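# What the coordinates show
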Amino acid sequence: MEVRLLGSVTARFGESEAVLRSGRARGLLAMLAWEPNQTIPDAVLIDRIWDESLPRHPQAALYTLAARLRAAFAEASGNAAERERVGRRYGGYVLLAAPEDIDVHRFRSAVCQARERVWDGEDAMAVRLLDRAMGMWRGAQLAGVTGAWADRVRMTLDQERLTTTLACAEARLRLGRHDETVPLLAGLAEEHPLDEQIASLLMVALYRSGRQGEALERYTTVRTRLVAALGVEPGASISRLHRSILHGELSSVASPIARLD
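### Some thoughts on helix 9 (residues 212-230)
A turn of α-helix holds 3.6 residues, and therefore any two residues three or four places apart point the same way. Compared with an ideal rise of 1.5 Å per residue, which puts 19 residues at 27 Å, helix 9 spans 27 Å between its outermost C-alpha atoms and is within 8% of the ideal. On the buried face of helix 9, the contacting elements are helix 7 (178-191), helix 8 (196-208) and helix 10 (236-246). Just downstream of helix 9 lies G231, where phi reads positive at about 70°.

Spelled out as structure tokens, the structure:
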């Protein structure tokens, strides 16, 4: 079995995909897969699935969703025993699955391995691991699932994805792969116009690609946006980086660190 949360919420058994006919069924699968092998109480699941729009008989509605999920597993796998992956335990439900069977947990495992490589100075291996992690995303995470819980999870995953992307970009810069990193960072800078860490990495990539003027323009753009939106000047780190680029002394300044902490 493979459960995918980094895109449309699905469960696959070999080449077959479990047919989940409602967003709430996908939501139940996502909630159980987010915490595999952990029993989630009925009350918690009901609150997450229906928010404030509770059905007349929420407990019965939850039982029905779980039964449909179990049946979908059995049908897709061709094995009735797969129904038991959705288990009933102590007033709640649990998904019995190895973490590596769920894409979000594989993603986090790859990021964890990359973190160790970064600290060991093995940037080339870290980049390969981070590229593998980012390749697990298949579109908007938890697609097809609505509600406050799903929104919170999406925010968490958005931050994890951004942190991972920045760490990969920085590792590429340390490897001297400046030109190829500029487009990625430029795109992120447009998505996050007030983020000084992204701007700093882009300035480093531009400067080391022989584009000192553009690096300085990036600082001016960020400063203008920060003053206009927040009424604040750029922080000490990016200001120090700006001065180093201005004087052509970047080699004497450590590049920004996008750690996977």
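Text resumes after the structure shown.
### Things to note about the sheet that holds strand 5 (residues 86-89)
Pairing is antiparallel in the open sheet, where 3 strands are placed in the order 4-6-5. Of all the strands in the sheet, the pair left with one neighbour each is strand 4 (40-41) and strand 5. With 2 bridges joining them, strand 4 and strand 6 (residues 92-95) adopt antiparallel strand pairing. Residue pairing for strand 6: I40 is matched across the bridge by Y93. Docked against the sheet, helix 1 (residues 23-34) engages strand 4, strand 5 and strand 6, running at close to 70° with respect to strand 6.

### Thoughts on the packing of aromatic side chains
Any aromatic ring pair is given by two values, namely how distant the centres are and how the planes are angled relative to each other. Throughout the structure, instances matching the rule amount to 3 aromatic pairs. When the ring of F13 is compared with that of F73, the centres are 5.3 Å apart and the planes differ by 65°; the resulting orientation is edge-to-face. On the criterion of sequence distance, the pair formed by F13 in strand 2 (residues 10-13) and F73 in helix 3 (residues 58-77) is long-range, its members being 60 residues apart. When the centroid spacing of 5.6 Å and the interplanar angle of 85° are considered together, the rings of F107 and W137 count as edge-to-face. Pair noted here: F107 is in helix 4 (residues 103-119) and W137 is in the loop between helix 5 (123-134) and helix 6 (148-174), with a separation of 30 residues, a long-range link. Sitting over the ring of Y93, R88 keeps its end group 4.7 Å from the ring centre.

### Overview of the sheet that holds strand 3 (residues 16-17)
Read across the sheet, 3 strands follow the order 1-2-3 without closing on themselves; strand pairing throughout is antiparallel. The open sheet has two edge strands with one neighbour each: strand 1 (2-4) and strand 3. Sheet topology places strand 2 next to strand 3; 2 bridges connect them, and they run antiparallel. Paired with F13 across the two strands is S16, which belongs to strand 3. Seen against the sheet, helix 3 touches strand 2 and strand 3 and runs at an angle of roughly 35° to strand 2.

### Some points on the nonpolar core
Of all hydrophobic cores here, the largest spans 56 residues; its most connected members are L5, F73, L95 and L142. Broken down by secondary-structure element, the contributors of at least two residues to this core are strand 2, helix 1, helix 2 (42-50), helix 3, strand 6, helix 4, helix 5 and helix 6. Membership of the second largest hydrophobic core comes to 25 residues, among which are L188, V204, V222 and L226.

### A word on the packing of helix 8 against helix 10
The N-to-C vectors of helix 8 and helix 10 enclose an angle of 15°; their axes lie 10 Å apart at closest approach. The angle between helix 8 and helix 10 falls in the class roughly parallel. Here helix 8 runs over helix 10; the crossing is left-handed. For the pair formed by helix 8 and helix 10, the contact residues are E196, A199, S200, M203, V204 and Y207 on the first element and I238, L241, H242 and I245 on the second. Its residues placed into classes, the contact of helix 8 with helix 10 shows 7 nonpolar, 2 polar and 1 charged.

Conventions we followed
Residues numbered from 1 in each chain as written. Predicted model: local features only at pLDDT ≥ 70, side-chain atom pairs only at ≥ 80, totals over all residues. Heavy atoms only, no water. Helix = DSSP H or I, 4+ residues; strand = E, 2+ residues; numbered from the N terminus. Expected span 1.5 Å × (residues − 1). Contact = heavy atoms within 4.5 Å. Pairing = 2+ DSSP bridges. Axes fitted to C-alpha atoms, helices over the stretch in contact; angles between N-to-C directions. Phe/Tyr/Trp six-rings, centres within 6.5 Å; stacked < 30°, edge-to-face > 60°. Lys NZ or Arg CZ within 6 Å of the ring centre and 35° of its normal. Core = buried A, V, L, I, M, F, W, Y, C linked by side-chain atoms within 4.5 Å. Buried < 20%, exposed > 50% of the residue type's maximum accessible area, 1.4 Å probe, protein only. Parallel < 35°, antiparallel > 145°, perpendicular 65-115°, else oblique. Left-handed = near helix turned anticlockwise from the far one by under 90°. Nonpolar A, V, L, I, M, F, W, Y, C, P; charged D, E, K, R; others polar.

Remember that the coordinates give geometry; whether it matters functionally is a separate question.
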